[in-house]
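# Descriptive analysis of the structure
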Amino acid sequence: MSSKNTNTPTVKRGRPVVAGSKRQAVLAMRDAKRNAGIEIKRGRPAGTKKLTVDPTVEVVLNVKAPKASKAQKQAALAVNVADVNEA
């Protein structure tokens, strides 16, 4: 049979208490406000995340011109050859 040792000391969990620390001062101030009847709310307002869009940013689409057909390439080549022959 196994026996459990129930005489173990209780361990505090969470942040350690350091006397004179900024955290202890904030907790004391929070307790003083709570005792004075002041409602303590969140430090930041609850809300949805909003995407910030810089209005100066231009959207550039990478759009390529359609490829020329074989007939169009031959016609352009004929024009270029005619221009060279004239010169």
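Up top is the structure.
Report follows, based on the coordinates. Sequence order sets the numbering: in each chain, residues are counted from 1 along the sequence as written. Two thresholds apply to this predicted model, a pLDDT of at least 70 for residue-level local features and 80 or more for giving and counting side-chain atom pairs, whereas whole-chain, interface and lining totals are computed over all residues. Working from all heavy atoms in the structure, the side-chain values ignore hydrogens and water.

Across its full length, the protein carries 2 helices and 0 strands. Each residue gets one of three labels from its accessible area relative to the maximum for its type: buried under 20%, exposed over 50%, partly exposed in between, using a 1.4 Å probe on protein chains only. Within the protein, buried positions represent 0% of all 87 residues. Shrake-Rupley sampling with a 1.4 Å probe provides the accessible areas, and residues are treated as covered by the protein chains on show and by no other component. Taken as a whole, the protein presents about 9,600 Å² of accessible surface, with 56% of it coming from carbon and sulfur. Each helix is a run of DSSP H or I of at least 4 residues and each strand a run of E of at least 2, with the numbering of both proceeding from the N terminus.

Turning to the pattern of salt bridges, a few remarks are in order. By definition here, a salt bridge exists when the distance from a side-chain nitrogen of Lys or Arg to a carboxyl oxygen of Asp or Glu is within 4 Å. Within the structure shown, the criterion is met by 1 salt bridge. A salt bridge links Asp-31 to Arg-34, with the shortest nitrogen-to-oxygen separation between them at 2.8 Å. Within this pair, Asp-31 and its partner Arg-34 are both found in helix α1 (residues 22-35), separated by 3 residues, close to a single helical turn.

Let us now look at α1. Helix span, as expected, comes to 1.5 Å for every residue beyond the first. Helix length check: α1 (14 residues) gives 20 Å between terminal C-alpha atoms against 20 Å at 1.5 Å per residue, within 8%. Looking one or two residues past α1, Gly-37 carries a phi angle of roughly 90°, positive in sign.

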